[in-house]
Amino acid sequence: MPQPAFDVLRALAIGSQALGLIAIITLETMLGDGARPWQGVTLGLMLAAALMLALVRVYRRNRQRKQHAARLGDSDHA
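Residues numbered from 1 in each chain as written. Predicted model: local features only at pLDDT ≥ 70, side-chain atom pairs only at ≥ 80, totals over all residues. Heavy atoms only, no water.

K.L.:
Could you give an account of the environment of glycine 44, with specific residues and numbers?
P.N.:
Within the secondary structure, glycine 44 sits in helix H2 (residues 36-77). Owing to a relative accessible area of 35%, glycine 44 belongs among the partly exposed residues under this scheme. The spatial distance from the C-alpha of glycine 44 to the C-alpha of alanine 70 is 39 Å, given a sequence separation of 26 residues. (Helix = DSSP H or I, 4+ residues; strand = E, 2+ residues; numbered from the N terminus. Buried < 20%, exposed > 50% of the residue type's maximum accessible area, 1.4 Å probe, protein only.)

Listed below in structure tokens is the structure:
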């Protein structure tokens, strides 16, 4: 199975991590030491987004494998 030229999930993962990093730096700049709890929340959201995207990737890969196996099975019986 050829890899697509543009991977939407990879772009979403990079974008979400970049936004999280920007948010953490901005919070530190604006709130100083009061930013710690909000930075923790931001980090938690970043990890949740990464986990969700990883699960979507695994789901899509498994679905493609099943479809590929079904096509191979159908062509064997034809």
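Now that the structure is up, let's keep going.
K.L.:
Report on a nonpolar patch on the surface, specifying residues and quantitative values.
P.N.:
Taken together, Met30, Leu31, Trp38, Val41 and Leu45 make up a surface patch of nonpolar side chains, about 570 Å² in accessible area. Among the secondary structure elements, those contributing two or more residues to the nonpolar patch are helix H1 (8-31) and H2. Ranked by residues supplied to the nonpolar patch, first place goes to H2 with three residues. Examined against the element boundaries, tryptophan 38 turns out to sit in helix H2. Take tryptophan 38: its relative accessible area is 52%, and that puts it in the exposed class. (Patch = residues over 30% accessible without salt bridge, like charges linked within 9 Å, V, L, I, M, F, W, Y side chains within 5 Å. Areas by Shrake-Rupley, 256 points an atom, 1.4 Å probe, with all protein chains shown as cover. Salt bridge = Lys/Arg side-chain N within 4 Å of Asp/Glu carboxyl O.)

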